[in-house]
Amino acid sequence: MANNQQISINDLSFTYRHDSNAVLHHISATAPLNSIIGIIGNHHAGKTTLCRILAGIIPNMMAGDLSGDVQLGPLSPTQNWPALNQQTGFVLQDPASQLSGLADTVADEIAFDLLNHGVANTEIQHRVTEVARQLQLTGQLQRSPNSLSGGQLQRLAIATAIVTKPAILILDDPTSEMDPQGRTEFFNWLTIIEKTTILIVSNEIDDLCEIADRLWLLVDGELVNQGTPLEVINQLKPDWQIGTPQVYQLARSMNWSLGTDLFPVNVNQLRGCLHDRHST
Amino acid sequence: MTAIQLNDVSYHYPTSDFKLTIDQLTMTANLVAIVGQNGAGKSTLFKLLTGLMQPQTGNILINHHDLADLSPADRLKTIGIVFQDPSSQLFNATVEKEVAWSLSQTESDAAVIAEKVAQVLATVGLTDIKDKNPFDLSMPEKKLLSIATVLAVDPQIYLFDEPMISLDWPSQQLVTRLMQQLAREKHQVIAITHDMDWLAATFSKIAVLSDGEIKFEGAPAALFGQPELVHAVGLLPPRIMSIVSDVLGDSRVYLTPADYVAKHQTH
Ligand SMILES: Nc1ncnc2c1ncn2[C@@H]1O[C@H](COP(=O)(O)OP(=O)(O)OP(=O)(O)O)[C@@H](O)[C@H]1O
Ligand SMILES: [Mg+2]
């Protein structure tokens, strides 16, 4: 039911134009606003397509046959796209494709959306400096975006998405090219920012299990499970071929369980599990 | 066995203050990983190894021959690269034509090309989409396609710049097996990666780049036994090490969960 405090997806199906097969089949899912939702699944699962729909890129910029409905709190990507777009930050899977192509410097690229939002000049300066520091791009601010390394480009894509302080972040594999410390810092930052709804696709299953409130698991266009990371990982079926976090692999092998056939999926759960074993 | 040797190599871009400086680096192992922070110079090193860019000083020897002296055709047969951004190497109208084009640079027999193209597309699992436009592929499909274009040519040395990016778990297994098989067949395989778990599980030789300089060469266990160095070059230990050190206070070196289990399981 419509609820202003929820993300709800109701019987969503989608087929790209010129394609005969549906990419998403009758997906229904819910989660509270301001939570972190990890979207997992293998190739052809439909993760990127789901991100495009949540962000309104489909159907507003890419065509196809869409049915069902999506609500992000009070807004819907089909009915209130301009309003939703104002509040959404999006990181595409291919960071190079995300550049405006209009900015000569990294600083201008980061400032681009702020200018469009009508933010005052001093505030723009302040925010660009701040976000560049966070993503370690300070040394690159006066360089051309075209001369960045792959990881620097991905950091730039994230900077442009978060600099407007959006209420909704839709992140499609945002750390694939980031170095290990950068990736860890970014995942930690996601847990710190407040009043933000985060939908994140990632193959970094270990990191997702550390930070996500819920996981949505897609297999061949169907949502086969949704729940806490603990539930979803413990309920995986072998033929889905989803990688598992190292904590879970370790706990299974050592038989450190949280109960009958239930194994921890993140460090905190593992700590709790071993603590309980010691105290009994 | 192939040997790649860099002597007093330096390179800088005209528009940034970054400088790559490698006094001595010799790579002889069949499977080598290059790691380091974003902007450390890993992809720059690869571009020099392909001969697409020339170092401003020093030289690069492949089996004692100067890379700069190889003809373009010999270079293609000697060294192939899967670029970090696969889009940058795809421009043909279909997946099949993309692979055929790449092979046609070193092979002229149409029948040989056709057979080889079909074979490598099957290897990476792209046969079903051979008529699609590469432009319309998903990121992981593009990465697998760019791997196929290099497999078709089958060079002596394979350079993989972040081969695992955006691949799902089954494709990661596939590419890992492929690389191990190439290495067994006496190819030299060099990969850049940010995935410390994959690194620890798969490679026995690694080189660490930091700010354009080589800061470590050796085995993963030797690197991860030096926490200060790992931190200073912007890396992290494999997750299993952080997990057991956080939760169990055990700060010894472990490369994989299986490694820990083997050392601790009570029988
Ligand atoms: N065409 C270019 N012009 C100017 N500077 C460049 C160019 N390409 C790369 N650089 C700079 O050179 C440095 C090394 O870049 P390189 O691409 O080799 O890094 P990398 O180690 O591969 O990083 P990543 O992990 O992000 O892929 C970076 O600071 C980068 O910004
Ligand atoms: Mg690179």
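Residues numbered from 1 in each chain as written. Chains lettered and ligands numbered in written order. Predicted model: local features only at pLDDT ≥ 70, side-chain atom pairs only at ≥ 80, totals over all residues. Heavy atoms only, no water.

Peer 1: How should I be thinking about the overall build of chain A in this particular structure?
Peer 2: What chain A contains, in helices and strands, is eleven helices and nine strands. By the compact-globule yardstick of 19 Å for 280 residues, chain A fits well, its C-alpha radius of gyration being 20 Å. When each of the 280 residues of chain A is scored for burial, the buried share is 54%. At a minimum sequence separation of 6, the contacts of chain A that also span at least 24 residues come to 61%. (Helix = DSSP H or I, 4+ residues; strand = E, 2+ residues; numbered from the N terminus. Rg over C-alpha atoms; globule rule 2.2 N^0.38 Å. Buried < 20%, exposed > 50% of the residue type's maximum accessible area, 1.4 Å probe, protein only. Contact = heavy atoms within 4.5 Å.)

Peer 1: Hey, could you run me through the environment of B:Ala219 in this one?
Peer 2: Residue and element names in this part refer to chain B. Structurally, alanine 219 can be placed in the loop between β10 (213-218) and α8 (220-224). For alanine 219, a relative accessible area of 34% gives the class partly exposed. Residues alanine 219 and aspartate 197, 22 residues apart in the sequence, show an inter-C-alpha distance of 14 Å. Contact partners of alanine 219, with chain neighbours within four places excluded, come to Ser204 and Ile206.

Peer 1: Explanation requested: the site of ligand 1 in the structure shown.
Peer 2: Ligand 1 sits among 22 residues. The nearest are A:Arg143, A:Ser149, A:Gly151, A:Gln152 and B:Thr44. At a separation of 2.9 Å, a nitrogen atom of ligand 1 approaches a polar side-chain atom of B:Ser16. Take B:Ser43: an N or O atom from its side chain is 2.8 Å from an oxygen atom of ligand 1. Burial of ligand 1 by the protein chains amounts to 90% of its free accessible area of 640 Å². Going through the elements one at a time, α6 (150-162) of chain A together with α1 (42-50) of chain B are the ones with two or more residues in the shell around ligand 1. Of the residues assigned to the shell around ligand 1, the class counts are four nonpolar, 15 polar and three charged. (Near = heavy atom within 4 Å. Polar contact = N/O pair within 3.5 Å; in protein donor to acceptor, adjacent residues only side chain to side chain. Areas by Shrake-Rupley, 256 points an atom, 1.4 Å probe, with all protein chains shown as cover. Nonpolar A, V, L, I, M, F, W, Y, C, P; charged D, E, K, R; others polar.)

Peer 1: Quick question: what am I supposed to make of the UniProt feature "domain: ABC transporter" (unreviewed entry) in chain A here?
Peer 2: Residues annotated in UniProt with the feature "domain: ABC transporter" (unreviewed entry) correspond here to residues 7-245 of chain A. What you have in residues 7-245 of chain A is 34% helix and 25% strand, and the ends, taken at the C-alpha atoms, are 26 Å apart. (UniProt positions renumbered as here; feature names shortened; annotations may be inferred.)

Peer 1: Explain the interface of chain B and chain A to me, please; I cannot follow it from the model alone.
Peer 2: Interface size, as often reported, equals the accessible area lost upon joining of the parts. Between chain B and chain A, the contact holds 41 residues from the first and 39 residues from the second. Taken over both partners, the interface formed by chain B and chain A buries close to 3,300 Å², and the fraction arising from carbon and sulfur atoms is 58%. Where chain B meets chain A, there are three salt bridges. Put simply, A:Asp206 and B:Arg239 hold a salt bridge, and the shortest N to O gap is 3.6 Å. In this assembly, chain B and chain A are joined by 13 residue pairs in polar contact (both at pLDDT 80 or more). Elements that contribute at least two residues to the side of chain B that touches chain A include exactly α5 (139-153), α6 (169-184), α7 (196-202), α9 (227-232), α10 (239-248) and α11 (257-264) of chain B. Top element by residues in the side of chain B that touches chain A is α10(B). It accounts for seven residues. Taken together, the residues of the side of chain B that touches chain A sort by class into 19 nonpolar, 15 polar and seven charged. (Buried area = accessible area lost by both parts, 1.4 Å probe. Salt bridge = Lys/Arg side-chain N within 4 Å of Asp/Glu carboxyl O.)

Peer 1: Is there a simple way to think about the domain arrangement of chain B in this case?
Peer 2: All names here are of chain B. The domains assigned to chain B are domain 1 (4-89 + 154-235) and domain 2 (237-267). The distance between the C-alpha centroids of domain 1 and domain 2 comes to 28 Å. Contacts between the two partners involve nine residues from domain 1 and, on the opposite side, seven residues from domain 2. Summing both sides of the interface, domain 1 and domain 2 together bury roughly 640 Å²; the carbon and sulfur share of this comes to 71%. When residues of domain 1 are sorted by the area they lose upon contact with domain 2, Asp197, Ala200 and Phe224 head the list and together hold 61% of the total. Joining domain 1 to domain 2, the criterion identifies one salt bridge. Note that aspartate 197 and arginine 239 form a salt bridge whose closest N and O atoms lie 3.0 Å from each other. On inspection of domain 1 and its partner domain 2, the count reaches one residue pair in polar contact (both at pLDDT 80 or more). Where the side of domain 1 that touches domain 2 is concerned, the elements lending two or more residues are α7 and α8. For the side of domain 1 that touches domain 2, the element with the highest residue contribution is α7, accounting for four residues. (Domains from an automatic or database assignment.)

Peer 1: What exactly am I supposed to notice about the coordination of the magnesium ion (ligand 2) here?
Peer 2: For a metal bound by four donors in tetrahedral geometry, the ideal donor-metal-donor angle is 109.5 degrees, whereas six donors in octahedral geometry ideally sit at 90 or 180 degrees. Residue and element names in this part refer to chain B. Looking at the magnesium ion (ligand 2), one finds its protein donor set to be Ser43 (OG) and Gln84 (OE1), positioned 2.0 to 2.2 Å from the metal centre. Of this pair, serine 43 sits in helix α1 while glutamine 84 is found in the loop between β6 (79-82) and α3 (95-104), placing the two residues 41 residues apart along the sequence. For the pair formed by serine 43 and glutamine 84, the shared burial category is buried. (Donors = N, O, S within 2.8 Å, 3.2 Å for Na, K, Ca; no water.)

Peer 1: Would you mind showing me how to read the nonpolar core here?
Peer 2: Across soluble globular proteins, nonpolar side chains have a tendency to be buried as a group. Among the nonpolar cores identified, the biggest contains 114 residues, and A:Ile110, A:Leu190, A:Leu250, A:Trp256, A:Leu270, B:Phe160 and B:Phe203 are the most heavily contacted of them. Of the domains in this structure, domain 1 (4-89 + 154-235) and domain 2 (237-267) of chain B are the two that each give at least three residues to this core. Among all residues touching A:Trp256, those that are not within four sequence positions of it are A:Leu250, A:Ala251, A:Phe263, A:Pro264, A:Leu270, A:Cys273, A:Leu274, A:Arg277, B:Leu248 and B:Tyr260. A:Tyr16, A:Ile37, A:Phe90 and A:Leu199 belong to the second-largest nonpolar core, a separate cluster that totals 31 residues. (Core = buried A, V, L, I, M, F, W, Y, C linked by side-chain atoms within 4.5 Å.)

Peer 1: How should the packing of aromatic side chains be read in this particular structure?
Peer 2: For any two aromatic rings, the description comes down to two numbers: the centre-to-centre distance and the angle of the planes. Here the structure, examined in full by the defined rule, presents eleven aromatic pairs over all chains. The interplanar angle of 25 degrees and the centroid separation of 5.9 Å between the aromatic rings of A:Phe186 and A:Trp189 together place this pair among those described as stacked. Residue A:Phe186 and its partner A:Trp189 are both found in helix α7 (residues 180-192); the two are separated by three residues, about one turn of the helix. Of the two residues, A:Phe186 and A:Trp189, both sit in the buried class. Ring geometry for B:Tyr158 against B:Phe160: centres 5.9 Å apart, planes inclined by 10 degrees, an arrangement best described as stacked. With respect to burial, B:Tyr158 and B:Phe160 carry one shared label: buried. Put simply, the rings of A:Phe186, A:Phe187 and A:Trp189 touch in pairs and so form one group of aromatic residues. (Phe/Tyr/Trp six-rings, centres within 6.5 Å; stacked < 30°, edge-to-face > 60°.)

Peer 1: What exactly am I supposed to notice about the pattern of salt bridges here?
Peer 2: Side chains carrying opposite charge are able to pair once their charged atoms draw close together. For the structure shown, the criterion picks out eleven salt bridges over all chains. Among the charged side chains, a network of salt bridges with common partners joins A:Arg183, A:Glu204, A:Asp206, A:Asp207, B:Asp197 and B:Arg239.

Peer 1: Got a minute to help me understand the UniProt feature "domain: ABC transporter" (unreviewed entry) in chain B in this structure?
Peer 2: UniProt records the feature "domain: ABC transporter" (unreviewed entry) for residues 4-236 of chain B in the present numbering. Between the first and last C-alpha atoms of residues 4-236 of chain B the distance is 28 Å; the span itself is 38% helix and 24% strand.

Peer 1: Before we go on, may I ask you to explain the sheet that holds strand β9 (residues 205-210) of chain B in this structure?
Peer 2: Pairing between sheet strands relies on hydrogen bonds along the backbone, with the strands arranged either parallel or antiparallel. All names here are of chain B. In space, the six strands of this open sheet follow the order β6-β7-β8-β3-β9-β10, with mixed pairing throughout. Each having just a single partner strand, β6 and β10 make up the two edges of the open sheet. For this sheet the average axis-to-axis angle between neighbouring strands, irrespective of direction, equals 20 degrees. Along the sheet, α1 makes contact with β3 (31-35), β6, β7 (157-161), β8 (188-192) and β9, crossing β7 at roughly 155 degrees. (Pairing = 2+ DSSP bridges. Axes fitted to C-alpha atoms, helices over the stretch in contact; angles between N-to-C directions.)

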